[in-house]
Amino acid sequence: MIPVPSGSRVWLATGHTDRRKGFDGLAALVQDHLSRDPFSGQAFVFRGRQGHLIKVLWWDGQGLCLFAKRLEKGRFVWPATAGAAAALTPAQLAMLLEGIDWRTPLRTDRPRIAG
C-alpha cells in the first residue's frame with residue numbers, strides 16, 4: 001500500500017495522461033495543469049488513455065515516489081468531470097488501487113439484533 005498519511009489529500013488528474021511520463025514530467029503536470037505543489041506531501045494520480053494503467057506521484061519528505069499499477073482485466077474507475085482534478089481520501093485511493101468503484105462503494109448492512 002502507498003504510505004499516504006491519513007490527513008493528506010489525494011488528487012486525481014482528470015482525463016488521460018501520457019503514460020510515458022516519469023517523475024519530472026508528472027511533477028511538471030502537477031505544477032502547470034493542476035496548480036498544485038508536487039512537493040507538498042499530497043498524492044497525485046494519473047491514468048493512461050486506455051484506462052488500465054495508473055501512476056501515483058507523491059513526496060515522502062525525502063524525495064519523489066512514483067507508483068504504477070496496470071490492471072490485467074478491466075479499467076480503473078475515473079471521474080468524468082470538466083475540472084483539472086478531483087479530490088479523494090486515502091481510503092478512496094485504496095479502493096481505486098484495488099479496482100473497486102470508489103465513487104459508490106457498497107456497504108454491508110449493520111445487524112439489527114444480536115444472535
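The name an unreviewed UniProt entry assigns to the chain is Transposase, from the organism Methylorubrum rhodinum.

Peer 1: So what exactly am I meant to see when it comes to helix H1 (residues 23-32) here?
Peer 2: For an α-helix, the turn length of 3.6 residues means that residues three or four places apart are oriented alike. When H1 is considered as a whole, its buried residues turn out to be Leu26, Ala27, Leu29 and Val30. Taken down its axis, H1 places every buried residue within 155° of arc, on the same side. Those residues of H1 that are exposed and angled more than 90 degrees off the buried face are Asp24 and Asp32.

Peer 1: Sorry, what's going on with helix H2 (residues 90-97) here?
Peer 2: Considered for burial, the residues of H2 that qualify are Pro90, Leu93, Met95, Leu96 and Leu97. In this structure, the buried residues of H2 make contact with strand S1 (10-13), strand S2 (43-47), strand S3 (53-59), strand S4 (64-70) and strand S5 (85-88). Remark: Gly99 follows H2 within two positions and exhibits a positive phi of approximately 85°.

Peer 1: Can you help me understand the sheet that holds S1 in this one?
Peer 2: Whenever strands of a sheet pair, they do so through backbone hydrogen bonds, lying parallel or antiparallel. Taken together, the five strands give an open sheet; going across it, the order is S4-S3-S2-S1-S5, and neighbouring strands pair in mixed fashion. Strand pairing shows two members of the sheet lacking a second neighbour, S4 and S5, which therefore form its edges. Averaged over neighbouring strand pairs, the angle between their axes works out to 25° when direction is ignored. Alignment of S3 against S4, held across seven bridges, turns out to be antiparallel. Paired with Lys55 across the bridge in S4 is Ala68.

Peer 1: What exactly am I supposed to notice about the environment of Phe44 here?
Peer 2: By the secondary structure assignment, Phe44 is in strand S2. Accessibility expressed as a relative area gives 0% for Phe44, which makes it buried. Put simply, Phe44 and Trp11 are 33 residues apart on the chain and 4.8 Å apart in space, counted from C-alpha to C-alpha. Sequence-distant contacts of Phe44, that is, excluding residues within four places in its chain, are made with Trp11, Val30, Leu34, Arg36, Asp37, Pro38, Lys55, Val56 and Leu57.

Peer 1: Honestly, the pattern of salt bridges in this entry has me stumped. Any pointers?
Peer 2: Counted by the stated rule, this structure contains two salt bridges. Across the pair Asp18 and Arg20 runs a salt bridge whose closest N-O atoms are separated by 2.9 Å. Here Asp18 falls in the partly exposed class, since its relative accessible area comes to 34%. Where Glu72 meets Arg70, a salt bridge forms, and the shortest distance between an N and an O atom there is 3.0 Å. Judged by relative accessible area, which is 65%, Glu72 ranks as exposed.

Peer 1: How should I be thinking about the pairing of S2 in this particular structure?
Peer 2: One face of the sheet, then the other: side chains in a regular strand alternate in exactly this way. Within S2, five of the five residues are buried, which leaves the element mostly enclosed by the surrounding structure. Here S2 shows two buried faces, one formed by Ala43, Val45 and Arg47 and the other by Phe44 and Phe46. With three bridges connecting them, S1 and S2 associate as parallel partners. Paired with Val10 across the two strands is Ala43, which belongs to S2. Crossover connection from S1 via H1 to parallel S2: handedness right-handed. Inspection of the sheet shows S2 paired to S3 by five bridges, in the antiparallel sense. Paired with Val45 across the bridge in S3 is Val56.

What counts as what
Residues numbered from 1 in each chain as written. Predicted model: local features only at pLDDT ≥ 70, side-chain atom pairs only at ≥ 80, totals over all residues. Heavy atoms only, no water. Buried < 20%, exposed > 50% of the residue type's maximum accessible area, 1.4 Å probe, protein only. Helix = DSSP H or I, 4+ residues; strand = E, 2+ residues; numbered from the N terminus. Arc of directions from axis to C-beta. Contact = heavy atoms within 4.5 Å. Pairing = 2+ DSSP bridges. Axes fitted to C-alpha atoms, helices over the stretch in contact; angles between N-to-C directions. Salt bridge = Lys/Arg side-chain N within 4 Å of Asp/Glu carboxyl O. Right-handed = clockwise from strand over helix to strand, strands pointing away.

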